[in-house]
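Single-letter residue listing:
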Amino acid sequence: MNITKKKQLTLGWSISRYDKFINCKRRYFYDYYSKFDLEIPLDKIQRLKNLTSKALEIGNIVHMIIKTILKRYQITNQPINMDKLFQYTFNVIKKNCTTKMFFETHYYHEKIILTDIYTKVKICLNNFLNSKRFKWIINNKVIMSKNHQWIIDPEGYGDLIISNYKIFCKVDFLFPLDKKLCIIDWKTGKKIKTKHYKQLIVYLLWAHISFKQNVHNIVSIVSYLYPQYDEQIVTITKDYIGQLMKVIISETQQMYKYLIDIETNIPKPKENFQLTTNRFHCKYCNYKEICF
Ligand code: SF4
């Protein structure tokens, strides 16, 4: 298997990209190839693409605050001042929710109530801070003494090229513990065990290759933060890495079929990207205004 970390122009596989591709080809086109649209102005598509939603924003804010908490623990072991933490959280919510356009407002004229967002964010953060996992991280931190090696919600994506296929993946939190690597992903939405299992295995693959670590020594964990704390833990064997690569290659090739040129990632005309027949996806789609 030929492995490099060079950047290429070609389409890169990621869990979220393939998910969008499977759910609706047209939405996938607007998300990744809007500049090739010959009918609808690019700025209009971009405006819709940038709509956030209550669920998305709750997830973003919880991730942002957890990142701040962990970065603080890289510097000091002092207990957190909870009043200050939640005041800071409320300020972040206020800033985010007053500067972004929400899907619910754009399509349903719904007023975004800051305290509604805050209530759910606070439950997620309390579940995180009171979880055995958080206590385990903090207690283990003392013996880890390698907290400079923590990777906490890095900007952008980690990319890999394996046998000429590009893969994107972004971990929430990765840290060494004894001779192992641990990866944790926080979730504020519903448990979708099959999808999350696949995501965890992709993280394992990424860590296995990026850090030349034996897969037996990598543990991947999904931490569910709402409505109460729960976890899914995954470890795998080396055989499974080969199977996963076959799946990623097959899914990438499905997406390649919608391109005129694979090297430069130029799509076929928009008409080739069919609208989904599953109206459930349309209900929550940012682009419905330009679709029907
Ligand atoms: S509104 Fe429906 S058909 Fe149109 S892009 Fe969105 S999901 Fe696809």
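Rules used in this analysis
- Residues numbered from 1 in each chain as written.
- Predicted model: local features only at pLDDT ≥ 70, side-chain atom pairs only at ≥ 80, totals over all residues.
- pLDDT = per-residue confidence, 0-100.
- Helix = DSSP H or I, 4+ residues; strand = E, 2+ residues; numbered from the N terminus.
- Contact = placed C-beta atoms within 7 Å.
- Axes fitted to C-alpha atoms, helices over the stretch in contact; angles between N-to-C directions.
- Parallel < 35°, antiparallel > 145°, perpendicular 65-115°, else oblique.
- Left-handed = near helix turned anticlockwise from the far one by under 90°.
- Nonpolar A, V, L, I, M, F, W, Y, C, P; charged D, E, K, R; others polar.

Enquirer: Give me the confidence of the model for the protein: which residues, what numbers.
Expert: The predicted model of the protein has a mean per-residue pLDDT of 90, with 95% of residues at 70 or higher. Confidence, read as mean pLDDT per element, is least for strand 1 (residues 3-4) in the protein (42) and greatest for helix 2 (residues 25-33) (98). Overall, residues 1-8 carries pLDDT values under 50, and its contacts beyond four positions in sequence, including any with other chains, amount to 12 contacts.

Enquirer: Outline the environment of Arg-133, supporting the account with residue identities and numerical values.
Expert: Structurally, Arg-133 can be placed in helix 8 (residues 132-144). Placed 66 residues apart in sequence, Arg-133 and Lys-67 show a C-alpha to C-alpha distance of 15 Å. If near-sequence neighbours (up to four positions away) are discounted, Arg-133 is found in contact with Ser-223 and Glu-231.

Enquirer: Quick one: what's the story with the packing of helix 4 (residues 54-75) against helix 7 (residues 114-129), residue by residue and with numbers?
Expert: Running from amino to carboxyl end, helix 4 crosses helix 7 at an angle of 40°, the nearest separation of the two axes being 10 Å. When the interaxial angle is binned, helix 4 and helix 7 end up oblique. Pair helix 4 / helix 7 crosses with right-handed handedness. Note on element contacts: helix 7 touches helix 4 through Ile-117, Lys-120, Val-121, Cys-124, Leu-125 and Phe-128, opposite Lys-54, Glu-57, Ile-58, Ile-61, Val-62, Ile-65 and Ile-66. For the contact of helix 4 with helix 7, a count of residues per class yields 10 nonpolar, no polar and 3 charged.

Enquirer: How would you sum up the environment of Cys-97? Please name residues and give values.
Expert: If you trace the backbone, Cys-97 turns up in helix 5 (residues 82-99). Separated by 17 residues in sequence, Cys-97 and Leu-114 place their C-alpha atoms 7.3 Å apart. Excluding its chain neighbours within four sequence positions, the residues that come into contact with Cys-97 are Glu-57, Ile-112, Leu-114 and Ile-117.

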